[in-house]
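A look at the structure
Now for the letters of each chain:
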Amino acid sequence: PLPRSLAVVRIDAVDTQSDFYFGLRKALQAAGTRIDGNAADRSVAVIHVLTDTTRNSILSVSTKNVPIEYELTYTVRFSVDAMGRQLIAPEQRALVRDYSYSENAQLAKERERSILSAALAQELTAVVMRRLASL
């Protein structure tokens, strides 16, 4: 359960089309929070999603200098304000997963990366929800 100060929330996000944004909206609604888009109402708590990014880095290459392993990092930075005061100062959370790559299965590996990114977003949503519940 979330505290009463988060009964009505507005999400101010840099990317309103990301997996994390949709996951956060869904998790807040499942917790009984009403999502309100009214920017003028100061009684509404505001969750600021300051950063919502994924980054792909090469971990290893083959003898032919072709990437064979990648590291996917999903980073979220957020803060929470309610009634004119800051409840959570900006915090950053990041999750990292490795995955292999093969030129022979390029489409499948792209799909794997997409699924992995969505899973990381879901895990970060759970982390943020636990943080919100601790208020």
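That block above? That's the structure.
Described in the following lines is the structure provided in the data block. (Residues numbered from 1 in each chain as written. Predicted model: local features only at pLDDT ≥ 70, side-chain atom pairs only at ≥ 80, totals over all residues. Heavy atoms only, no water.)

1. Concerning the packing of aromatic side chains
Tallied over the full model, the rule gives 3 aromatic pairs. With a centroid separation of 5.7 Å and 20 degrees between ring planes, the pair formed by Tyr70 and Tyr99 is classed as stacked. Linking Tyr70 in strand S4 (residues 67-82) with Tyr99 in strand S5 (residues 85-100), this pair joins segments that are 29 residues apart in sequence. Judged on exposure class, the residue Tyr70 and its partner Tyr99 are both buried. Note on Tyr70 and Tyr101: the rings are 5.6 Å apart at their centroids and 85 degrees apart in plane angle, and the pair reads as edge-to-face. Of this pair, Tyr70 sits in strand S4 while Tyr101 sits in the loop between S5 and helix H2 (106-133), placing them 31 residues apart in sequence. (Phe/Tyr/Trp six-rings, centres within 6.5 Å; stacked < 30°, edge-to-face > 60°. Helix = DSSP H or I, 4+ residues; strand = E, 2+ residues; numbered from the N terminus. Buried < 20%, exposed > 50% of the residue type's maximum accessible area, 1.4 Å probe, protein only.)

2. Focus: the nonpolar core
If you look at soluble globular proteins, the nonpolar side chains tend to sit buried side by side. One finds Ile11, Phe20, Leu24, Leu28, Ile47, Val49 and Leu132 to be the most contacted residues of the largest nonpolar core, which totals 31 residues. Mapped onto this core, the elements with two or more residues apiece are strand S1 (8-13), helix H1 (19-30), strand S3 (45-61), S4, S5 and H2. With near-sequence residues (within four places) excluded, Ile11 lies in contact with Tyr21, Leu24, Arg25, Leu28, Ile35, Ile47 and Val49. (Core = buried A, V, L, I, M, F, W, Y, C linked by side-chain atoms within 4.5 Å. Contact = heavy atoms within 4.5 Å.)

3. Notes on H1
Counted at 1.5 Å a residue, the expected span for H1 with its 12 residues is 16 Å, and the 16 Å between its end C-alpha atoms agrees. Among the residues making up H1, those that are buried are Phe20, Tyr21, Leu24 and Leu28. Projected down its long axis, H1 carries its buried residues within an arc of 100 degrees, all on one side. Facing away from the buried side of H1, by more than 90 degrees, are the exposed residues Lys26 and Ala30. Buried-residue contacts for H1 involve S1, strand S2 (34-35), S3, S4 and H2. Two residues or fewer after H1 comes Gly32, characterised by a positive phi angle close to 90 degrees. (Expected span 1.5 Å × (residues − 1). Arc of directions from axis to C-beta.)

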